[in-house]
Amino acid sequence: MASPVVTEGLRSAVHSLDIGTFLTKRKEVAGGQRALLTYQVFQAVGVQMSSEGGQSCNKDVKGRLKKPSPGDQLLNRRSQAVGRRRREEHQEEELEDKGRDQGGLREPLALASDMLLWSLAAVFLHSLVVSTASSSSSSEEDESSSEKDGEERSKGSHGHWGYSDQDTWALDFHHCNGKSQSPINIDTRRTIFDPSLAPIRLEGYDLTDEESLKLLNNGHTLQLSLPASMRIISGFDNIFTAAQLHFHWGTKEVPGSEHTVDNVHFPAEIHVVHYNSKYANFSEAASKPDGLVVLGGFIQIGLHENENYEKILSSIKDVSIEESDTEIPGFNVRHLLPNNLDRFYRYNGSLTTPPCFQTVNWTIFNETIRVSRTQLAALEDSLKAEHNRHLSKNFRAPQLLHGRQVLSSFSTLPGPEGRHVNVPFSTNDGSSDDVSAKEPGGADGGFSRGDVLATAFGILFCVTLLSFTVYACQQRRRSSRVKKEMRENVIYKPATREDV
Ligand SMILES: [Zn+2]
C-alpha cells in the first residue's frame, strides 16, 4: 500500500502540475495500486490533468492552462479528439501491461502461489496418510480367535492379549504381522477351482459316550479337547491328528465368524484343529510349515435346535468362569461339521490368535451349519473372560491376502447377476456391518481409505482452482471498471502545439 507521505507527494505534484515529480513519486507506489491511486489523487485534488500519455511536461503548461489564448483554445479543441485517443491508448497500455502484470493480477498471483503451496502440502499430507494407512492396515485389521490349547498359548513378554487390542499383538508376537495371516475374506469371484484338491476323509470322529471329553473356557473361547484317535486320513499329504475344536462368535447384533465370504460375516464359526501326525504333538507341530490343518465351518441360525451342538452347549454353563472346565460324554463330532465336506475353500494361513504361526493349511467348507437362535444365544451369552468380563466377539478381523490365492474344490459358475449360483454363502442374510479386508490397490474391490482421501483432496484442489479463477475474473473486471472511470473523469488537454 502507498504510504501517506508518498500519497501526499503525489497530490502535491498534481497540485503544482509537476508531472515529472508526479511520475517519479508515482513509481514509489506499488504497481498494483498505481492506477487506482492515480485516479484517486486526481479526483481528490480536483485538477484536470494536462499531459500527453504520461510524457513529462513543463511548468509553463500551468500558465497555459490557467490563461488559454483564443488560438490555443481552437487548437486545443481540434487536437482534443486525437489527444484523447492517444491517451486512451496509453492508459490501456498502462493498465493492461503494467497494471495487469504488476497490479491487477498481483494479488491473484500471490493467492495462486499460496494455493499451489497449500495444494502441494495437501498432496504430501495425502500421500503420507495413505502410506501410513497402508502400512498399518494389516495390523489394524488384525483381530483374532484362539487356535491352541492352554499350553500352546505361548505368550510374549506381557503374556496377555485380547480381541480389543488386536493392533498390538505383533508387538509381543511378531508372526501376527506376517503376510500369510488368518482369517481372510473369501472373495468368491477370485477363488480358483482346483479339481486336484482331494476330498477329505475323516476317521475316528464317531466317539462313544464312554469317552469323556474336556470342555474348557480358556478365557478366549469355548474349547473341546479331542482324542488322538480322531484323524484326517485323506485330503492332505500326511495324516493329521485332531487336537481340539473351538468356536468364534459375536453378539446378537454382531455376527462373529472369523472368515468372511464376499465380505459377509456369519453368526459364528467352528474350527477343528489337527496337527501333522509326523510330529509328536500339537506343540511341536504348531511352528512347523506343514504342521497344522484346520477345518472351518460357518454357523448360521436355523429353525430347529441342533442336537449335535446341544451335546456341547448343554454344558456350557458349567464352564462360564474363565479357566473352568468340565467333562462331557463323547458323541459323533463329525455331526458338528456340514453334511457336505466335498465343497470347500483352501488356502495357506495362520493361527488366528497369538502367536499367529503361519503354519495352517485352512479348509473352509462351503456348506453352513445351522443351530437354533437359542443355541447361538447360549454361546454368545454364557461365558466370562478375564476380569469377569463377558466373553463375546472373540473373532479376529480378516487379514490381507498379500497375493495368496484361495482355491476351491468346486467350480463357481457366474450367475445371472454376476454372482456365483452354486455358493450358498451368497444367500446368507448377514448384515453389512462386517469388517472387510481390502487390498490397498483395491484388488478386493470397494474403496480403500486411500481412495477416499485421494478423492477428497482432488475435490479440494478443483474447488481451489475454481475459486482462484473466479477471483482473477473479479479482479480483472474491477481493473476494467477503474480504467473506465478514469477515462470518464480525466480530461486530456494538449501540452504544446507540437503535439497536435
Ligand atoms: Zn479358531
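In this text, all values refer to a predicted model and were calculated from it rather than measured experimentally.

A. Main features of the overall build of the protein. In terms of regular secondary structure, the protein is built from eleven helices and 15 strands. Here the protein holds 500 residues, and 36% of them are scored as buried. In the protein, of all internal contacts separated by at least 6 residues, the share reaching a separation of at least 24 is 77%.

B. Geometry of the nonpolar core. Residues Leu 226, Leu 292, Val 294 and Leu 379 are the most contacted members of the largest nonpolar core, which totals 69 residues. If near-sequence neighbours (up to four positions away) are discounted, Val 294 is found in contact with His 271, Val 272, Val 273, Val 360 and Trp 362.

C. The pairing of strand β4 (residues 212–217), seen in detail. Judged from the five bridges that link them, β4 and strand β11 (residues 325–329) form a sheet pairing that is antiparallel. Among the inter-strand pairings, Leu 215 is bridged to a residue of β11, identified as Thr 326. Judged from the three bridges that link them, β4 and strand β5 (residues 222–225) form a sheet pairing that is antiparallel. In the sheet register, Leu 215 faces β5, and the bridge partner there is Leu 224.

D. Structural detail: the pairing of strand β14 (residues 369–372). Burial along β14 is one-sided: Ile 369 and Val 371 are buried, and none of Arg 370 and Ser 372, which face the opposite way, are. Where strand β10 (residues 292–302) and β14 come together, four bridges link them in parallel fashion. Paired with Gln 300 across the strands is Arg 370, a residue of β14.

E. Region of the structure containing helix α10 (residues 373–381). For α10, the set of buried residues is Gln 375, Leu 376, Ala 378, Leu 379 and Glu 380. Considering only its buried residues, α10 is in contact with β5, β7 (240–249), β9 (268–276), β10, α9 (307–313) and β14.

F. Layout of unusual backbone geometry. Look at the link from Ser 182 to Pro 183: it is a cis peptide, with omega at 0°. In this structure, Pro 183 sits in the loop between α7 (169–172) and β1 (185–186). In this structure, the amide linkage connecting Pro 354 to the following residue, Pro 355, adopts the cis form with an omega of 10°. Tracing the backbone shows Pro 355 in the loop between β12 (344–349) and β13 (360–365). With a phi angle near 50°, Asp 262 is a residue other than glycine that sits in the positive phi range. Mapping Asp 262 onto the fold places it in the loop between β8 (260–261) and β9.

G. Focus on the environment of Ser 229. With respect to the secondary-structure elements, Ser 229 resides in the loop between β5 and β6 (231–234). Linking Ser 229 and Tyr 205, residues 24 residues apart in sequence, is a C-alpha distance of 7.8 Å.

H. Fine view of the environment of Ser 382. Take Ser 382: it is sitting in the loop between α10 and β15 (407–408). Sequence separation between Ser 382 and Val 319 is 63 residues, and the spatial gap between their C-alpha atoms is 8.5 Å. Apart from residues lying up to four places away in sequence, Ser 382 is in contact with Ile 316, Lys 317 and Ser 320.

I. Structural context of the confidence of the model for the protein. In this model, the protein carries an average pLDDT of 71, and 54% of its residues clear a pLDDT of 70 or more. For residues 415–424, every residue scores under 50 in pLDDT, and the model assigns this stretch 18 contacts once sequence neighbours within four places are set aside. Predicted confidence is poor over residues 488–500, with pLDDT under 50, and the contacts of this stretch with residues over four places away or in other chains come to 27 contacts.

Calculation notes
- Residues numbered from 1 in each chain as written.
- Predicted model: local features only at pLDDT ≥ 70, side-chain atom pairs only at ≥ 80, totals over all residues.
- Helix = DSSP H or I, 4+ residues; strand = E, 2+ residues; numbered from the N terminus.
- Buried ≥ 20, exposed ≤ 12 C-beta atoms within 10 Å, placed from the backbone.
- Contact = placed C-beta atoms within 7 Å.
- Core = buried A, V, L, I, M, F, W, Y, C linked by C-beta atoms within 7 Å.
- Pairing = 2+ DSSP bridges.
- pLDDT = per-residue confidence, 0-100.

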